[in-house]
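Here's the letter readout for the chains.
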Amino acid sequence: MKFMIPFVSVMLPMVSLAQSQSGPATGVPSVAIPRTTGVMVIQTAKRGVTAQQVMAVIPSEIRATVQLYLDGKIREWYSRGDGKGIIFLIDAKSEDEARAIMETLPLAKLQLMDEQYIPVGPLMPLRALVGPGSQE
């Protein structure tokens, strides 16, 4: 057990890097790529969109966002620490599914926001802690 902490501390950065790259072209073994269990969506106002334009839509955006949360579509949401947007964790199995959810929101319908979609899943080195045969 005393060797597991150094092992995990060395493996976490490597697998985190592997998880941040996608597809077979990266040379990352498929066992290091998790199945998607959610999609992080980072929203920022499009260039040229004013704060006043965004704020005019915020009341309806908040109601729609709360409804998606109550429906189990949004797991978590945050304001960016730099004040430049919002981060959502969407309960979706693919980027396309998350995009379909986000496109229902008023700010998206008015095309005021840019979005970045990042599929996320379990941290794969944790499998080493539970041993062989732990694959689902």
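Up top is the structure.
A brief structural summary. (Residues numbered from 1 in each chain as written. Predicted model: local features only at pLDDT ≥ 70, side-chain atom pairs only at ≥ 80, totals over all residues. Heavy atoms only, no water.)

Quick word on the sheet that holds strand 2 (residues 74–79)
Then comes step 1: The four strands lie next to each other as 2-3-1-4, forming an open sheet whose pairing is antiparallel. Taken across any chain shown, the strands that pair with only one partner, and hence form the sheet edges, are strand 2 and strand 4 (113–120). For this sheet the average axis-to-axis angle between neighbouring strands, irrespective of direction, equals 15°.
Then comes step 2: Here eight bridges tie strand 1 (residues 38–45) to strand 4, and the two strands are oriented antiparallel to one another. In the sheet register, Gln43 faces strand 4, and the bridge partner there is Glu115.
Then comes step 3: Along the sheet, helix 2 (residues 51–70) contacts strand 1, strand 2 and strand 3 (86–90); its crossing angle with strand 2, the most-contacted strand, is approximately 150°. (Pairing = 2+ DSSP bridges. Helix = DSSP H or I, 4+ residues; strand = E, 2+ residues; numbered from the N terminus. Axes fitted to C-alpha atoms, helices over the stretch in contact; angles between N-to-C directions. Contact = heavy atoms within 4.5 Å.)

So, helix 2
Then comes step 1: Compared with an ideal rise of 1.5 Å per residue, which puts 20 residues at 28 Å, helix 2 spans 27 Å between its outermost C-alpha atoms and is within 8% of the ideal.
Then comes step 2: The axis of helix 2 is deflected most strongly, by about 50°, at Ile58, and proline Pro59 appears within four residues downstream.
Then comes step 3: For helix 2, the set of buried residues is Val54, Val57, Ile58, Glu61, Thr65 and Leu68.
Then comes step 4: Remark: Gly72 follows helix 2 within two positions and exhibits a positive phi of approximately 85°. (Expected span 1.5 Å × (residues − 1). Bend = angle between axes of the 7 residues up to and from the residue. Buried < 20%, exposed > 50% of the residue type's maximum accessible area, 1.4 Å probe, protein only.)

What to know about unusual backbone geometry
Then comes step 1: Positive phi, close to 55°, is recorded for Gln111, a residue that is not glycine.
Then comes step 2: Along the chain, Gln111 falls in the loop between helix 4 (106–109) and strand 4.

What to know about the pairing of strand 1
Then comes step 1: With five bridges joining them, strand 1 and strand 3 adopt antiparallel strand pairing. The residue bridging Val39 from the neighbouring strand is Ile90, located in strand 3.

Some thoughts on a nonpolar patch on the surface
Then comes step 1: Residues Ile62, Val66, Tyr69, Leu70 and Trp77 make up a contiguous nonpolar surface patch of about 490 Å² in total accessible area.
Then comes step 2: If one sorts the elements of the nonpolar patch by residue count, helix 2 sits on top with four residues.
Then comes step 3: Relative to the elements of secondary structure, Trp77 occurs in strand 2. (Patch = residues over 30% accessible without salt bridge, like charges linked within 9 Å, V, L, I, M, F, W, Y side chains within 5 Å. Areas by Shrake-Rupley, 256 points an atom, 1.4 Å probe, with all protein chains shown as cover. Salt bridge = Lys/Arg side-chain N within 4 Å of Asp/Glu carboxyl O.)

A look at the nonpolar core
Soluble globular proteins tend to pack their nonpolar side chains together in the buried interior.
Then comes step 1: By size, the foremost hydrophobic cluster in this structure holds twelve residues: Val39, Val41, Leu68, Ile74, Phe88, Ile90, Ala92, Ala98, Ile101, Met102, Leu105 and Tyr117.
Then comes step 2: Contributing elements (two or more residues each) for this core: strand 1, strand 3 and helix 3 (95–102).
Then comes step 3: No other element matches helix 3, which puts three residues into this core.
Then comes step 4: Beyond its immediate stretch of four places on either side in the chain, Ile90 contacts Gly38, Val39, Val41, Lys73, Ile74, Arg75, Ala98, Ile101 and Met102.
Then comes step 5: By size, the runner-up hydrophobic cluster in this structure holds six residues, among which are Val54, Val57, Ile58 and Leu112. (Core = buried A, V, L, I, M, F, W, Y, C linked by side-chain atoms within 4.5 Å.)

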